[in-house]
Structures are given as structure tokens and as C-alpha cells.
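The chain contents come next:
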Amino acid sequence: MGYKYRKQYKNLSTGESALRQAQFQVIFTLVAIMSTESPIISMDCKKKERLANLYRAGKCYAQAPIQVYDRAANRHDYAHLATGKVIPHGIYDWQRNQAYISIGTSHETAGFITDNLLWWWTEFGIHHYPQAQTILILCDAGGANNYRHHIFKKQLLDLAATTGMDFVICHYPPYASKHNPIEHRVFPHLHRAMQGVVFSTYALVQELMEKTATATGLRVMVRINDHYYPTGIRTDPKEVDFQRIQTHPAVPQLSYRICA
């Protein structure tokens, strides 16, 4: 009678941005132009977890039954059971098919993101792309890298001055974050490598993430960033050097260049 065992697919959008078509055209064009000489990275923050003996979906190999608290993980009512936060922020190098994960322990902030970018560039990027003068960064429109936040732009301006690199930022339009490459090229594989395992220590989380691999050659490098990043910091627009920010004429809100 047409019945079939089926799973749910997240294909229905909750809305659509008026800038969607124009911004995707900008992204496609920039990727085609810059891929020959400049690094193209995609970044995002994976689902936050708790360091605790809490239930996590999935199965894993174990020599004995795994006992956890009889409460669902990540419920705010049971935060007192956790001993720490796991905030995985990822940077995916599109050309090299390599991911760089920073495991934060405090908060996801603009400072946390730019520190992770600096770590990637000084430890890996500068060696892989010694001739590069510009980096194309693909990211979502919300979160700590929200295109409306002045603090994110100020942090990027400081980072550009430190590294001497220009950053071309392209935010995916609202309701289109699933098209961010890191979402389907890295995060599903990280999830599979960690499913069913109780997060007891940061070292265990790091070990599990570093084991992530695919048949296409994905490699994952992981570090633990235990620096404390305070929240609630406000940035006055006067602190932002807008003369060093060049916006795209068609989609100035979502595409812009941060000049060193």
C-alpha cells in the first residue's frame, strides 16, 4: 500500500532570505577566482556538548555495559551534573580536505573564533599557502560570527593587522547554513566518530575527533583551547575602522573584505 520504512530529512526551509540568490552567486564567483592561489576555508561551531556522565545517542564498542545518568544530555535542568563544556569550533580547508577543530571550554565568542583562525594560520595555513595574500572565509550569518556584530568585524580587523593578510568574508544567507561546506564535509563524520561515547575528559574528546577519517582522505587536527572568553562585551561602532572594510556592491551586508 505504499508504506516504506523511512527516516526524516531536513529539506524544508523555515524561511528564505531576499539576498539568497545574489549571495550564492557571489560565493560561487569568488570560489572560482580565488581557488587557484588563495586558501578557501569554511568555519562553523558544531553542536555544544557537556563533559559529564550523560546519555549520548548512538552505540560504540565496549567491554561492559555503559551506565549513565537517567536524564537526557544538554538539558538546562541538569547542568549541575556536568564538569565542563565542550565547544567544538571547526575550520575546514576546502582545497586540502583537512579540518582543524578547537575544543573550547568557556564560551563561543568572536574572540574565540578569531583565536582559532590565528592558530590555524600560524600553525598550518602559512606553511601550506606561503604565497597567499588573501583568505576567503565562508561562514554562517548568525552566532558569534554574526554579520551584524561590530565586535566580529573589529576582531577580524585586529587579526588582519596581526597576520598581514586580507580576509574576504562571505556569510551564507539566513536559512541557508546547511550549504556551508563544513556542515556536510566534516561535522557528520565527527558525529559518527564520537557517537555513543560518554564524554568524560577533554583528552578523550580530542582523541575521538582526531580519529575521524573518510574514504576521500579527510584528516582532522584537534587542539584544546582552555582560554576563558567572557561574554557580553559590547563594541562601539566608533571602534571599528570602516575604512579598512570594503563591501560588495550587490550584497554589502554579507560579503566584504577586511584589509590588513
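The preceding data block contains the structure.
When a protein is soluble and globular, its nonpolar side chains tend to lie buried together. Grouped together as the largest cluster of nonpolar side chains are 31 residues, with contacts concentrated most on Leu117, Phe167 and Ile258. Secondary-structure elements contributing two or more residues to this core are β1 (40–45), α2 (110–128), β5 (134–139), α3 (150–163), β6 (166–171) and β9 (255–258). Broken down by element, this core gets its largest block of residues, seven residues, from α2. Discounting residues that sit within four places of it in the chain, Phe167 has contacts with Ile135, Ile137, Leu156, Leu159, Ala160, Tyr256, Arg257 and Ile258. Listed in part, the 20 residues of the second largest apolar core include Val86, Ile103, Val186 and Val205.

Attention now moves to unusual backbone geometry. Phi at Asn97 takes a positive value of approximately 55°, unusual for a residue other than glycine. Within the secondary structure, Asn97 is located in the loop between β3 (84–93) and β4 (98–104). A relative accessible area of 15% means that Asn97 is categorised as buried. Phi angles above zero are rare outside glycine, and Tyr175 is one such case at about 70°. One can find Tyr175 in the loop between β6 and α4 (181–185). Overall, the relative accessible area of 48% leaves Tyr175 in the partly exposed class.

Rules behind the numbers
In this convention, every chain numbers its residues from 1, walking through the sequence in written order. Predicted model: local features are reported for residues with pLDDT of at least 70 only, side-chain atom pairs are reported and counted for 80 or more only, and whole-chain, interface and lining totals are derived from all residues. In computing side-chain properties, one takes all heavy atoms of the structure into account and sets aside hydrogens as well as water. Nonpolar cores were defined as sets of buried Ala, Val, Leu, Ile, Met, Phe, Trp, Tyr and Cys residues, with membership established by side-chain atoms within 4.5 Å. Each residue is assigned to one of three classes by its accessible area relative to the maximum for its type, calculated with a 1.4 Å probe on protein chains only: buried under 20%, partly exposed between the two thresholds, exposed over 50%. A helix here means a DSSP run of H or I that spans at least four residues, while a strand means a run of E at least two residues long, and both kinds are numbered starting from the N terminus. Contacts are assigned to residue pairs with any non-hydrogen atoms lying within 4.5 Å of each other.

Coordinates in, geometry out; function isn't part of it.
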